[in-house]
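Remarks on the overall topology
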Amino acid sequence: MAETYAVDWGAFNETLTQLSTVQSEINELNQQFGSGNTQALTGWISDVKDLFDQHKLNWNQTVADMQTQAAAAQKAADQCREEYLQAHAFGMKTWGG
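Here we summarise the structure given alongside this text. (Residues numbered from 1 in each chain as written. Predicted model: local features only at pLDDT ≥ 70, side-chain atom pairs only at ≥ 80, totals over all residues. Heavy atoms only, no water.)

Geometry of an aromatic ring pair is reported as the spacing of the ring centres plus the angle between the planes. In this structure the tally under the stated criterion is two aromatic pairs. Centre to centre, the rings of Trp-9 and Phe-12 are 5.2 Å apart; their planes meet at 75°, and the pair counts as edge-to-face. Of this pair, Trp-9 and Phe-12 both sit in helix H1 (residues 9–41), three residues apart, which is roughly one turn of that helix. Given the relative accessible area of 24%, Trp-9 is considered partly exposed. (Phe/Tyr/Trp six-rings, centres within 6.5 Å; stacked < 30°, edge-to-face > 60°. Helix = DSSP H or I, 4+ residues; strand = E, 2+ residues; numbered from the N terminus. Buried < 20%, exposed > 50% of the residue type's maximum accessible area, 1.4 Å probe, protein only.)

The next point concerns the pattern of salt bridges. Under the criterion given, the structure shown has one salt bridge. Close ionic contact of Arg-81 with Asp-78 constitutes a salt bridge, the shortest N to O distance being 2.5 Å. With a gap of three residues between them, Arg-81 and Asp-78 both fall in helix H2 (residues 47–95), about one helical turn apart. Asp-78 gets classed as partly exposed once you look at its relative accessible area, which sits at 36%. (Salt bridge = Lys/Arg side-chain N within 4 Å of Asp/Glu carboxyl O.)

The next thing to look at is H1. Taking 1.5 Å of rise per residue, 33 residues should cover 48 Å, and H1 covers 48 Å from first to last C-alpha, within 8% of that figure. Of all the residues in H1, the buried ones are Leu-16, Gln-23, Ile-26, Asn-30, Gly-34 and Leu-41. For H1, the secondary structure elements touched by its buried residues are H2. For H1, the side-chain oxygen to backbone nitrogen distance between the N-cap and Gly-10 is 3.2 Å, and the N-cap itself is Asp-8. A positive backbone phi angle near 85° is found at Gly-43, which sits one or two residues after H1. (Expected span 1.5 Å × (residues − 1). Contact = heavy atoms within 4.5 Å. Polar contact = N/O pair within 3.5 Å; in protein donor to acceptor, adjacent residues only side chain to side chain.)

Below, the discussion takes up the environment of Thr-4. Structurally, Thr-4 can be placed in the segment before H1. For Thr-4, a relative accessible area of 74% gives the class exposed. Between the C-alpha atoms of Thr-4 and Cys-80, which are 76 residues apart in sequence, the distance is 19 Å.

So, in C-alpha cells, the structure goes:
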C-alpha cells in the first residue's frame, strides 16, 4: 500500500529543539536580570525596592510557569510522535506495505 501522506520529522524535531533553546535562553536572561538588579539594588531601601521585589517574584513565577508549559508541550509532542509511529506501523502491518 502506498503512503498518501508524509510527516516532516525534520521540522517536527526542529520545533522541539527550538522550544528547548528558547527555554534555555529565558532561564539565562532571567538569571542575568536577577543578578544584575540584585547587585544594583543592594542597600537600596524604599517602597520602590519593595515593589520591585514583588514584581521580581511575579516574574520568577511566570518564568517557572513557562518552563512547566514548555516541558508539557515537549512531552505531548514526544507522545504524539510515538503514537503516530505506532499507528503507522500497525497500519502498514494491517494493510501491507
